[in-house]
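# Commentary on secondary and tertiary structure
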Protein chains: 2
Amino acid sequence: MPHVAALETTITPEDWSGALEIRAALDGRVVNDLVARYRDLAKEHLVPVETAAVDSDGILLKVRTSQSGVVIAQAARTRAFQGDQRVGETRPAFEEPRYVARDTDLEVAAGMPVRVEKVVALYTSRDRAISECGFEARTAIGRAGTFHELLQTHAVAWRHLGQMFDMELEIDADPVIPGNGALATSALVRLNIFHLLQTLSPHTKDLDVGVPARGLHGEAYRGHVFWDEIFVFPFLNLRMPEITRALLLYRYRRLGEARVAARAAGYRGAMFPWQSGSNGREETDRQFFNPRSGRWMEDHTYLQRHVGAAVAYNVWQYYEVTGDLEFLVDYGAEMLLDIARFWASAVTYNARLGRYEILGVMGPDEYHDRYPGADRPGVNNNAYTTVMAVWVLVRARAVLDILPDNVRQRLRDRLAITDQEIAEWDTISRRMRVVFHADGVLSQFEGYETLKEFDWEAYRQRYGRLYRLDFILEAEDDSTISYKLSKQPDVLMLFHLFSFEELKSLFERLRYPFDDQAIPRNINYYYPRGAHDSSLSRVADAWVLARADRRRSWDVFMEALLTDVADIQGGTTPEGIHLGAMAGTVDVLQRCYTGLELRGEVLRLQPRLPKPLGLLRLFVRYRGQSLAIELERDAMRVNALPCEAPSVRVAVNGETYEVAASESRAFVLK
Amino acid sequence: MPHVAALETTITPEDWSGALEIRAALDGRVVNDLVARYRDLAKEHLVPVETAAVDSDGILLKVRTSQSGVVIAQAARTRAFQGDQRVGETRPAFEEPRYVARDTDLEVAAGMPVRVEKVVALYTSRDRAISECGFEARTAIGRAGTFHELLQTHAVAWRHLGQMFDMELEIDADPVIPGNGALATSALVRLNIFHLLQTLSPHTKDLDVGVPARGLHGEAYRGHVFWDEIFVFPFLNLRMPEITRALLLYRYRRLGEARVAARAAGYRGAMFPWQSGSNGREETDRQFFNPRSGRWMEDHTYLQRHVGAAVAYNVWQYYEVTGDLEFLVDYGAEMLLDIARFWASAVTYNARLGRYEILGVMGPDEYHDRYPGADRPGVNNNAYTTVMAVWVLVRARAVLDILPDNVRQRLRDRLAITDQEIAEWDTISRRMRVVFHADGVLSQFEGYETLKEFDWEAYRQRYGRLYRLDFILEAEDDSTISYKLSKQPDVLMLFHLFSFEELKSLFERLRYPFDDQAIPRNINYYYPRGAHDSSLSRVADAWVLARADRRRSWDVFMEALLTDVADIQGGTTPEGIHLGAMAGTVDVLQRCYTGLELRGEVLRLQPRLPKPLGLLRLFVRYRGQSLAIELERDAMRVNALPCEAPSVRVAVNGETYEVAASESRAFVLK
């Protein structure tokens, strides 16, 4: 049940009898105070609206967020019991601005437990299907059942979530966390799924919410939405596409703001912001504080223009998994086209090379926000950004072809997309510039090859475990921008998002080489140069390593799995869990080790279980079918559950099969 | 563009020069005052929040609805031009509670036109993707283009809506409206479509809105939602199913309230209310005023329990048109099951007859809210209600079979639906009681046959055109309940909603006769006994008459088409258009004269163009395909537009064809 929370407290006086007073309060005086470095900033965000008593045992608190004006109403009902007997005398409410409480007087006897139920309902002025949020909160505590009844519905809901989102795995050994004893890997996987579902779940599919970087768990980044959805989306998309549809609608509602941002920056189409919140405008700070040096550093991360490409990528993934043409018609195609238009407007033609370039941007690696000595931020021809842009331009054309004739005409008319513009997208998508090192490695960006090698060993000796190299180097009056290192995967992200086949076709389109060794060559180059200073690093690393070195992939996967439970990112977990890392880690199991790819209306599987993993069992929803996949090292079973959906196409190691509902197929893996 | 409105006023001083002052205001002092009989009730619903000047030429008004606490912000920008030149001097804002204005001083010269642009933005605290509604309104007027630019986007939007929702027809003659000259029937059809789209459109698909009986056009019924969606839904469903999906979600969000209502009335499952608003609770008045007698009459219309059946029916229609299994999984099945459960709990077993009965309800005909002399409201075994309930019970079982195994198990678990309960639905759906007259006519309800015949002729002589027979009879100390008459189609609604084939199978299931003459027999009986005192009457009448007497159907259709333009419901149009009648009338063209039915994953066509109608051209969206249907009296063409959706099944007069994208098929009609 959304809106309702319940708490049961049992107090047993062991060797004492007498009067007991229980205070149940609703406190709106809470402040945002959990992140030390924000403590000097504004942290009071609630203004008082109303406090009141409700019936004989309830209280009501209404506050309003100070800037956005969202009214939040909570009502609470507190009841004490001895056995099945209501006991105690509830006093009148005690009210202060933003605080309301009610005391219950009890007579307790030694050895006689008293059970106290507190049931709270929360509604906001943003909720749908409400009269007024205070009214609904009052009504809800009046209607709510006993704690025990609420617990039962709660347990059923979680049991169902478990069935929908769980995966089972068997491994040869479990890791040992220092100080925590042995924890089963499965339990860690479930912990991640649990935290993911605390933020995004069936309850959020009718809300206007995005993917906040730290979930709803902490205050770091102030709840801002970055690009974490590219890590969070796939796991949910294959389980409950209604949730991912809602995430795409969150972006669709902010398409207008992204258009304004593009225009303001001199581009066309839609430019989604690096950090955003309520209304979708760019919220990235322009400075950040280095606690090591005590200096403010410039923040140019708003130049990460690749966010929109992630949105487009997810639109397409949603379509692949659902075949939901109506979604493309109503929302998806428009987003894809306007993102494509943005990229077409963001290129510069280099006449000398006969190639289009993307200048002055940032890739995912935040440690290279400009060239050494440059007075302007940004780097040129970031490979990740470029390949994503090419993919978007190709996909936008493909989507136009999928749409029914009349729908396409209207959409083109409304967005004023000319034949010439579409032809231009085609030209650009064939002649974009990607820079390679002399040895054929993809340059993270033009000029990366000329940067200095970083002396990892020396720094490790000097600083121990390296964390936030940007802070370390800036405090030494040096900078990460001068070195061949990265905060997190940048080129390697391409191997996370695309299969070899898909990349090969993109590079062929660009008339660049992309041979069988391209992926290992780049992994060998970039992996050792990664600082892993983003919680997202290990997810992408575990992913790309699975192609080359499964055992190492598993080790990195296990590290990723410990991100929050062992707080490996330097004490950042208390500021909020790392949602992208949590979901991305689970997705390594779901898509990477199964080799699951959605392409060309086929669910493709290319399993590669890493050594200690002996068995993996999971469910996916694909085009209306529920498929149970059971994977062992040398065998796989795909079980389509009975239903009335049409058969789907499943490819295993390149061979395609039609799988009808109720059908079971077994595969021997070599 | 949602949120923005614009007004251009051109003033040309013909023979005069001098100072001109233009006042542009935002006025939140408006009251609900348009319905005479509500004028003594509360009509002030807005409380002041803020007024302000915005920039050099703008104003801002914020008010809040007094009960529900919705904040409404409007910002306006006013600019005057001579030619392309901005002219005039804008004074500081003039502010009062709920009112803000700004004057512009102009020097005008004879023969020199001054053009004044007023651009207004409206946001509410319920809007999504906003920071704060006042902020968004201010921002929007700053960003909005010129009047001319806004007009262009507006025109494109309406052109597209035209393409999506239009239909073309050619008829032998056009009707003449007294005092209005000849108006083309097509124009009237478009007027209806226009008004429908003013209330429900692509702009509402992301809002939490239902189908208010009078659209957003007037204050009658206070914006309440009844069952009009059963008339409004089909036209939209076949054009833009995203809109109808949103209407179903509106109901889904209120499923909890419908469950509470069922429990409170002693039933199980979900009981949707006859009238509802914001949070979905029952809002039906318990009395209404008879202006003829000056007396208050009891209102028992809350006993129209059939609303939920209409919701269930629409869930199924949406699924038929889209094949959207995910919708069933996430929302649709749950609604259907809980509505089925309601009906199963609402029956009483009659051991003597070995049949289940539905006692103490009202059918759509509001002129029979109880038996003559009875001290309790409600009638027994209303045929419409019973058949709908049977259909729901059958459909709920079918939907369980469609769901994937695991989804079905979880849904049953969550709703605690036992095998026994499902078996019970089956039993009830085979043994429900429907009452027939001695001559085989369906009894509108048990005992209808014993009521008195109404002397229509005598009353017409006494009162002229009869309107609101309930008021007329009550003022004579008589009552409609004593007579064989109906306010609006009741039994006949069944022939509106179901084809002969579907009804035959339902009655066979119940082991009741339903022969080839059943429909004409009932039409002949009930049609002459209809008072047509609901605007919905003529829609259902035109529909059912099309099977028996096409020419008469056309005449009734033309009457229905004039409902609001000629205000034929006794002066009620100024209180708001009749949305159900408007949409339903268009739907007579779309589905009735084409014989369009969605059943068993087949789009069925059984055309029956009435005489004066020579050609009908329309588009429908069906399972991803866009189908252009062109219908003449003796021929029909179905054209599937190019797209990538799979082929669909289309049946013409009982013969089924696979129609692939880009395919064209011609049919000769006998």
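Everything numeric in this text was worked out from a predicted model, so none of it was measured. (Residues numbered from 1 in each chain as written. Chains lettered and ligands numbered in written order. Predicted model: local features only at pLDDT ≥ 70, side-chain atom pairs only at ≥ 80, totals over all residues. Heavy atoms only, no water.)

Once that is clear, we can look at the overall build of chain A. Broken down by element type, chain A carries 19 helices and 25 strands. Computed over C-alpha atoms, the radius of gyration of chain A comes to 27 Å, within 12% of the 26 Å expected from 2.2 N^0.38 for 670 residues, which places it in the range of a compact globule. Taking the principal axes of its C-alpha atoms as reference, chain A extends roughly 90 × 65 × 60 Å. Within chain A, the proportion of its 670 residues that are buried is 60%. Of the contacts made within chain A by residues no fewer than 6 positions apart, 68% connect residues no fewer than 24 positions apart. About 26,300 Å² of surface is accessible on chain A, with carbon and sulfur atoms providing 49% of the total. Looking at charge distribution, chain A has the averaged site of its 81 positive side-chain charges lying 4 Å from that of its 93 negative ones. (Helix = DSSP H or I, 4+ residues; strand = E, 2+ residues; numbered from the N terminus. Rg over C-alpha atoms; globule rule 2.2 N^0.38 Å. Buried < 20%, exposed > 50% of the residue type's maximum accessible area, 1.4 Å probe, protein only. Contact = heavy atoms within 4.5 Å. Areas by Shrake-Rupley, 256 points an atom, 1.4 Å probe, with all protein chains shown as cover. Lys, Arg positive; Asp, Glu negative; His and termini not counted. Charge placed at Lys NZ, Arg CZ, Asp CG, Glu CD.)

Residue and element names in this part refer to chain A. If you check helix α7 (residues 307–322), its first and last C-alpha atoms are 23 Å apart, about what 16 residues at 1.5 Å a residue would give, namely 22 Å. In terms of burial, α7 is largely enclosed, as 16 of its 16 residues are buried. Of the residues trailing α7, G323 is marked for its positive phi of about 65°. (Expected span 1.5 Å × (residues − 1).)

Another point: helix α15 (residues 500–509) of chain A. All names here are of chain A. For α15, the complete set of buried residues consists of F500, E502, L503, L506 and F507. Within α15, the buried residues cover an arc of 165° as seen down the axis, which keeps them to one side. On the buried face of α15, the contacting elements are α9 (383–402), α14 (493–497), α16 (518–526), α17 (537–548) and β18 (597–599). (Arc of directions from axis to C-beta.)

Moving on, we come to the sheet that holds strand β21 (residues 625–632) of chain A. Either a parallel or an antiparallel arrangement is found when strands of a sheet pair, and the pairing is made through backbone hydrogen bonds. Residues and elements named next belong to chain A. Strands sit in the order β11-β20-β21-β22-β25 across an open sheet of five strands; the sheet is antiparallel. Among the strands making up the open sheet, the edge pair consists of β11 (167–171) and β25 (664–668). Neighbour-to-neighbour, the strand axes of this sheet turn through a mean angle of 15°, independent of strand direction. Sheet topology places β11 next to strand β20 (residues 613–622); five bridges connect them, and they run antiparallel. Paired with L169 across the strands is L616, a residue of β20. (Pairing = 2+ DSSP bridges. Axes fitted to C-alpha atoms, helices over the stretch in contact; angles between N-to-C directions.)

This brings us to the side chain of D103 of chain B. Residues and elements named next belong to chain B. The topology assignment puts D103 in strand β9 (residues 99–108). Within the local environment of D103, its side chain forms a polar contact with the side chain of R23, the two groups lying 2.9 Å apart. Those residues within four positions of D103 in sequence are excluded, and the remaining contacts are E21, I22, R23, E89, T90 and R91. (Polar contact = N/O pair within 3.5 Å; in protein donor to acceptor, adjacent residues only side chain to side chain.)

For the rest of this paragraph, the subject is the confidence of the model for chain A. The predicted model of chain A has a mean per-residue pLDDT of 95, with 99% of residues at 70 or higher. Here the predicted complex scores 0.95 on pTM and 0.94 on ipTM. (pLDDT = per-residue confidence, 0-100.)

Let's shift gears to the interface of chain B and chain A. Counting from both sides, the interface comprises 58 residues of chain B and, opposite them, 58 residues of chain A. Interface area for chain B against chain A, summed over the two sides, is near 5,300 Å², with a carbon-plus-sulfur share of 42%. The largest per-residue losses of area from chain B upon contact with chain A belong to R128, A129 and R410 of chain B, which jointly make up 12% of the total buried on that side. Counting across the chain B and chain A interface gives 12 salt bridges. Across the pair E242 of chain A and R245 of chain B runs a salt bridge, and its minimum N-O distance is 2.7 Å. Inspection of the chain B/chain A interface yields 36 residue pairs in polar contact (both at pLDDT 80 or more). For the side of chain B that touches chain A, the elements supplying multiple residues, two or more each, are α1 (133–143), α2 (147–165), α5 (241–252), α6 (255–264), α8 (325–346), α9 (383–402), α10 (405–415) and β20 (613–622) of chain B. Ranked by residues supplied to the side of chain B that touches chain A, first place goes to α10 of chain B with six residues. (Buried area = accessible area lost by both parts, 1.4 Å probe. Salt bridge = Lys/Arg side-chain N within 4 Å of Asp/Glu carboxyl O.)

Further remarks concern the relation of the copies chain B and chain A. If you rotate chain B by 180° and push it 0.0 Å along the axis, it lands on chain A with an RMSD of 0.0 Å. Those values place the two copies in the arrangement expected of a two-fold rotation axis. Taking the C-alpha atom as reference, chain B places R126 of chain B closest to the rotation axis, 2.8 Å from it. (Least-squares fit on C-alpha atoms with pLDDT ≥ 70 in both.)

Residues and elements named next belong to chain B. Among the 11 residues that make up strand β10 (residues 114–124), eight are buried, leaving the element largely enclosed by the rest of the structure. Two strands pair when backbone bridges link them, and strand β1 (residues 4–11) and β10 are joined in this way by eight bridges, in the antiparallel orientation. Looking at β10, one finds that A5 is bridged to V120. As judged from the 10 bridges shared by strand β5 (residues 71–82) and β10, these two strands associate in the antiparallel manner. Looking at the pairing, Q74 lines up with L122 of β10.

This paragraph deals with the pattern of salt bridges. In this structure the tally under the stated criterion is 135 salt bridges over all chains. Residues participating in the shared-partner salt-bridge network are R259, R268, E334, D338, R341, R414 and E421 of chain A.

All names here are of chain B. Summed over the entire model, instances satisfying the criterion amount to 72 aromatic pairs over all chains. Here the aromatic rings of Y459 and Y463 are separated by 5.9 Å at their centres, their planes lie at 10°, and the arrangement is stacked. In this pair, Y459 and Y463 both sit in helix α12 (residues 456–463), four residues apart, roughly one turn of the helix. With a relative accessible area of 8%, Y459 lands in the buried category. (Phe/Tyr/Trp six-rings, centres within 6.5 Å; stacked < 30°, edge-to-face > 60°.)

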